[in-house]
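An overview of the molecular structure
Take a look at the letters that make up each chain.
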Amino acid sequence: MLDIKLIRNEPDRVREALRRRGAQAEAALDKLLELDRSRRETLVAVEKLRSRRNAASEEIARLKRDGIDPKDKIEAMRRVGDEIKRLEAGLKEVETALQEELLQVPNLPDPAAPDGGEDDSVVLHHWGIPRKFTFEPEDHLDLAVAHDLIDMERGARTSGSRFAYLKGDLVFLQFALVQFALQKLAAKGFRPVLVPVLVRDEAMYGTGFFPTDMQQVYRVEADGLNLVGTSEVPLAALHMDEIVDEADLPVHYVGYSTCFRREAGAAGKDTRGIFRVHQFDKVEMFSFCAPDKSGEEHDFMRSIQEQVLQELGLPYRAVNIAAGGLGASAAKKYDLEAWLPAQERYREVTSCSNCTDYQARRLKVRAKGAKGGPYLLHTLNGTVVALGRTIIAIMENYQTEEGLVEVPAALRPFMPAGMEVLGR
RNA sequence: GGAGAAGUGGCCGAGAGGCUGAAGGCGCUCGCCUGCUAAGCGAGUGUAGGAGUGAAUGCUCCUAUCGAGGGUUCGAAUCCCUCCUUCUCCGCCA
């Protein structure tokens, strides 16, 4: 959420920034400004009357103490009370409308986010050289099916399309990746957290997924809860309504959870294998940091992501996402795209967003220190390992001519003793 | 799922329709004092929104806030309703 004062004081700056995202800034902004003006106008009227009522209440109490019947005063105040109620109803209406509008406005893009839409994202650099195959590389699904490691048919029978069973050595590979990621991040000061995956609406609104991405979310209507699409949601909500001690900043967490996504609107896209499924697991890092530190924090988190891919030996490229491709809460976003030999292109395996104070304002996460406060923190989130896609990248990059898959050296300590090849 | 109890400031804890933004204590900040430390004395110490004012870190005033939201009343921390959370007992259960 944006600061209404910023919108009020610098509407043109906000308008320009929103245009960069391709948002229909014009109408929304004008409506917002009008609602804000109307809200303050009504508020002044209500507060004037409340002030009068408070003064009269004191006087009534005083008169009663002195044994004087305050009947006339009470009668007059009854009318004031009715008027207050009337105005309060109007005020509430305006405030609700204002809030609703405000919730829909996305974050302002960072000046360093490139102009344009999805296709205008800028490649920052490459790492690693895609392997030259002496044979025709297979894709992850063929490799997996040959050894019954992925079962899409039965997944579909049980749950529908885009659901899969992962079996055998891939299960070990997944948990090896989790161990690898958790230990690496813990060593860097990130506190491991297992999070609730069903969350209240507040958490969804607070992180900016509601109302914009509602259609992507599985909702458990009976309980009013939502299945999270990423542990970013419960991690961000961890300090909802709190004022944290400035001395504890930055607060670093590494979460692990299953992620659920409806993939509405993705019909026909990436239908093969487990690249785009409704349910996958992910290790995610999250940071609450001081507002003036989020830029360097963002780079720090990306460096961790790059380190992970490098240690796994997966060639990738780093991309600075254009303003038009940012999620609602992000001001700036980096993606890392790993090379997939079978697709012969780079595909997104991690993402890292600086949400500045956008989520913090919605979640009311603030900090306070000796010098001052409370002030809103900045929040950042980044993938450490998206299990499904990383497994795909490993399988395709580490495949052998015999159709087996080597285990990357970095993961061997976390695999069953002696297991160096998957499928056998 | 059934039966009860409770939610007050950073913390503890009083208040049971008006004189309570909220006693008292602890903590914290500043000052004084004590050759260090401890103790002592004095002052201050929540958050949010708004109006006014200033070149400005600001200052002045108003409003709201006693888990959340409604209601009763001239007036609600205090009475009523709904919800949330916590605790106890019973049942069920990984």
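In this text the structure is predicted, and so the values were computed from the model without any measurement.

What counts, and at which threshold
Within each chain, residues carry numbers counting from 1 in the order of the written sequence. The naming scheme follows written order: chains are lettered A onward, ligands numbered 1 onward. At least 70 in pLDDT is required for a residue's local features to be given in this predicted model, at least 80 for side-chain atom pairs to be given and counted, and no such filter applies to totals for whole chains, interfaces and linings, which use all residues. By convention in this description, side-chain values take in all heavy atoms of the structure and omit both hydrogens and water. DSSP-based pairing: two strands are paired if at least 2 bridges between them are found. Runs of E in the DSSP output that reach at least two residues are strands. Runs of H or I that reach at least four are helices, and both are numbered from the N terminus. Residue ranges for the domains originate in an automatic or database domain assignment. Any pair of residues with heavy atoms lying within 4.5 Å of one another is described as a contacting pair. Take the accessible area each of two parts loses on contact, using a 1.4 Å probe, and add the two losses: that sum is the buried area. Basic side-chain nitrogens of Lys or Arg form a salt bridge, by our definition, when they fall within 4 Å of a carboxyl oxygen of Asp or Glu. Between 30 and 60 degrees the pair is tilted, below 30 it is stacked and above 60 it is edge-to-face, where a pair is any two Phe, Tyr or Trp rings, Trp via its six-membered ring, whose centres lie within 6.5 Å. Exposure classes here rest on a 1.4 Å probe applied to the protein chains alone. A residue is buried below 20% of its type maximum, exposed above 50%, and partly exposed in between. Only when the NZ of Lys or the CZ of Arg is both within 6 Å of the ring centre and within 35 degrees of the ring normal is a charge said to sit over the ring. Summary of the distance rule: residues count as near a molecule or strand when at least one heavy atom falls within 4 Å of that molecule or strand. Here a polar contact is recorded for every N or O atom pair within 3.5 Å, except that within protein the pair must consist of a potential hydrogen donor and a potential acceptor, and residues adjacent in sequence are included only if both atoms are side-chain atoms.

1. A closer look at the sheet that holds strand β5 (residues 198–199)
The antiparallel open sheet is built from three strands, whose spatial order is β5-β7-β6. The sheet terminates laterally at β5 and β6 (219–220), the two strands that pair on one side only. Relative to strand β7 (residues 225–227), β5 runs antiparallel, the two sharing two bridges. Counted as the bridge partner of Leu 198 is Leu 227 from β7.

2. Describing the domain arrangement of chain A
If you check the domain split of chain A, you get domain 1 (4–104) and domain 2 (118–422). Opposite the five residues of domain 1 that make contact, domain 2 presents ten residues. Overall, the association of domain 1 and domain 2 removes approximately 570 Å² of surface from exposure, summing both partners, and the carbon and sulfur fraction of that is 49%. The three residues of domain 1 that bury the most area against domain 2 are Arg 20, Arg 21 and Leu 103, which together make up 87% of that side's buried surface. Applying the counting criterion to the domain 1 and domain 2 interface returns zero salt bridges.

3. Overview of the sheet that holds strand β8 (residues 243–245)
Ordered in space as β8-β14-β15, the three strands form an open sheet in which the pairing is mixed. Each edge of the open sheet is held by one strand with a lone partner, namely β8 and β15 (375–376). As paired elements, β8 and strand β14 (residues 366–368) share three bridges and run parallel to each other. Along β14, the bridge assignment pairs Asp 245 with Lys 368.

4. Quick notes on the packing of aromatic side chains
Scanning the entire structure with this criterion turns up eight aromatic pairs. Here Phe 133 and Phe 135 contribute two aromatic rings whose centre-to-centre distance is 5.4 Å and whose plane-to-plane angle is 80°, an arrangement assigned as edge-to-face. Across the pair, exposure class does not vary: Phe 133 and Phe 135 are buried alike. In this structure an aromatic cluster arises from ring pairing among Tyr 253, Phe 286 and Phe 288. Across the ring face of Tyr 334, the terminal group of Arg 302 is positioned such that the distance to the ring centre comes to 4.5 Å. Sitting over the face of the ring of Phe 275, Arg 389 holds its NZ or CZ atom 3.8 Å from the ring centroid.

5. Quick look at the protein's contact with RNA strand B
Taken together, 25 residues lie around RNA strand B, and Arg 8, Arg 39, Lys 64, Arg 78 and Arg 200 are the ones closest in. Among the atoms of RNA strand B close to the protein, meaning within 4 Å, 68% are from sugar or phosphate groups. Here a sugar or linking oxygen of RNA strand B sits 2.6 Å away from a polar atom, N or O, in the side chain of Arg 39. Ser 57 has a polar side-chain atom sitting 3.5 Å from a sugar or linking oxygen of RNA strand B. At the level of secondary structure, the elements contributing two or more residues to the surface near RNA strand B comprise α1 (4–9), α3 (25–65), α4 (71–104) and β14.

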